[in-house]
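Summary of the model geometry
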Amino acid sequence: MQALVLEKTKSLALRDFPIEEPLGAHDVRVRIHTVGICGSDVHYYQHGRIGPFVVREPMILGHEAAGVVTETGAAVTGLGVGDRVCMEPGIPDPNSRATRLGLYNLDPAVRFWATPPVHGCLRPDVVHPAAFTFKLPDNVSFAEGAMVEPLAVGLHAANKARLRPGDIAVVLGAGPIGMVTALAALAGGCAQVIITDVQAPKLALAAKLGPILPVNVREQDLKAVVNRLTGGWGADVVFDAVGLPQSANQALDVLAPGGCVVLIGMPGAPVPLDVVAAQVKEARLETIFRYAHVFPRALALMGSRKIDVRPLITDAYGFADAVAAFDYASNMKPTSVKVQITL
Ligand SMILES: [Zn+2]
């Protein structure tokens, strides 16, 4: 079948790539309709590795997908041919200790699309466990369905924060994950979200998504804004969707006493953390690795329009132009948030 193959660093090809995927009793076969390009896909394309995960052999990219069920395994109930679905791209070992504890995203044996050596979904069809395949509400498009995966990161972060109604949250970074985290924080009950970035078009877009106050940290002092909004108390929750060396300390700086910092972005190397700054506020530090148990909630929130990701889908390419889509995603205009490929 035709697939978008990362041959090696900086070398992509849309070419025939034979894959044998037998349909197990608990699997479904899905014809792929839309795939979003993630920062991790671009990172593998440009650098050939993320941390310990190194691309050593040609690998199909893509892990943010929606499509249509074309075949169901003998034991599958609840999904049928023709159903519009999206897929959770990480398949854990059902017998692992992590999975049995409900921490299946932390299963060391998890097979995650487009994380070497596992192939991704930029190809006409995939076989996937029905348990990790979710029906789209009728009013949710394939393009929105392909946004469930990044949104899941934001929802998992909101869960980890244990938000309470009326919280004031700061989201550092208005990239795709920062944006969906802001939406998740509002859906989780935040009264107001303050979002930071250095790109004015991204901030302008974020400001249209709800009670979201944009702060361009090139021109404005974040702490002054947070203090003004909170009577000098600080933000209840700070989500770091940047992962720069200094961002965890910036998060602590604007945090309220007793507040929570959720570290989402991954720094490229170990970073120094001001532990005393955290201690004097009794800050709760949370981390996330991907997500677990949130796809149905993401779809419910999209279906009720409590969360609308459509303004974030800024660029669409056909499958024939998939390499061009990746070249664009590698060097996006600041007006772009999410680039998707339609098959
Ligand atoms: Zn992703």
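These numbers were taken from a predicted model, which means no experiment stands behind them.

So, how was this worked out
Residues numbered from 1 in each chain as written. Predicted model: local features only at pLDDT ≥ 70, side-chain atom pairs only at ≥ 80, totals over all residues. Heavy atoms only, no water. Helix = DSSP H or I, 4+ residues; strand = E, 2+ residues; numbered from the N terminus. Rg over C-alpha atoms; globule rule 2.2 N^0.38 Å. Buried < 20%, exposed > 50% of the residue type's maximum accessible area, 1.4 Å probe, protein only. Contact = heavy atoms within 4.5 Å. Lys, Arg positive; Asp, Glu negative; His and termini not counted. Charge placed at Lys NZ, Arg CZ, Asp CG, Glu CD. Pairing = 2+ DSSP bridges. Donors = N, O, S within 2.8 Å, 3.2 Å for Na, K, Ca; no water. Tetrahedral: all angles 85-135°; square planar, octahedral: opposite > 155°, others 65-115°. 1 Å grid on protein atoms, 1.4 Å probe; cavity = no way out; pocket = protein on both sides within 12 Å on 5 of 7 lines; lining within 4 Å. Points joined across faces, edges and corners; volume = space filled by probe spheres on them. Phe/Tyr/Trp six-rings, centres within 6.5 Å; stacked < 30°, edge-to-face > 60°. Arc of directions from axis to C-beta.

In terms of helices and strands, the protein chain carries 11 helices and 20 strands. Its C-alpha atoms give the protein chain a radius of gyration of 20 Å, within 12% of the compact-globule value 20 Å for 343 residues. Once the C-alpha set of the protein chain is aligned to its principal axes, its extents read approximately 60 × 40 × 35 Å. Residues classed as buried in the protein chain amount to 51% of the 343 residues present. For the protein chain, long-range pairs separated by at least 24 residues make up 70% of all intrachain contacts whose partners lie at least 6 apart in sequence. Positive and negative charge centroids in the protein chain, built from 30 and 31 side chains respectively, lie 3 Å apart.

Here 3 strands make up an open sheet; going across it, the order is E2-E1-E6 and the pairing antiparallel. Each edge of the open sheet is held by one strand with a lone partner, namely strand E2 (11-16) and strand E6 (59-60). Relative to E2, strand E1 (residues 2-8) runs antiparallel, the two being bridged by 6 bridges. Bridging across to E2, Leu6 finds its partner in Leu12.

Time to look at the coordination of the zinc ion. For the zinc ion, the protein coordination sphere consists of Cys38 (SG), His63 (NE2), Glu64 (OE) and Glu149 (OE), at 2.2 to 2.6 Å. Each of the 4 donor atoms bound to the zinc ion contributes to angles spanning 88 to 171 degrees, and the resulting shape is irregular. In the primary structure, the donors to the zinc ion are separated according to the pattern C-x24-H-E-x84-E. In this pair, Cys38 is assigned in the loop between strand E3 (27-36) and helix H1 (39-47) and Glu149 in helix H4 (residues 148-161), connecting sequence segments 111 residues apart.

Gaps left between atoms show up when a probe the size of a water molecule is rolled over them. Size it by volume and the second largest pocket reaches roughly 230 Å³. Surrounding the second largest pocket, 15 residues form its lining, Glu21, Ile91, Arg111, Arg123 and Val127 being those nearest its centre. Examining the composition of the lining of the second largest pocket, we find that 4 residues originate from one element, strand E11 (residues 125-129), more than from any other.

If you walk through the whole model with that rule in mind, you get 5 aromatic pairs. Between Tyr104 and Phe132 the ring centres are 5.5 Å apart and the planes differ by 75 degrees, which places this aromatic pair in the edge-to-face class. Taken together, the positions of Tyr104 in the loop between helix H2 (97-100) and strand E10 (111-112) and Phe132 in the loop between E11 and strand E12 (133-135) put the pair 28 residues apart, joining distant regions of the chain. Considering the side-chain rings of Phe134 and Phe295, the 5.6 Å spacing of their centres and the 40 degrees angle between planes classify their relative orientation as tilted. Of this pair, Phe134 sits in strand E12 while Phe295 sits in helix H10 (residues 295-303), and the two are 161 residues apart along the sequence. Taking relative accessible area as the criterion, Phe134 reaches 15% and is therefore assigned buried. A relative accessible area of 1% places Phe295 in the buried class.

The next subject is helix H6 (residues 200-207). Those residues of H6 not exposed but buried are Lys202, Leu203, Leu205 and Ala206. Buried residues of H6 fall within an arc of 160 degrees about the axis and therefore sit on the same side.

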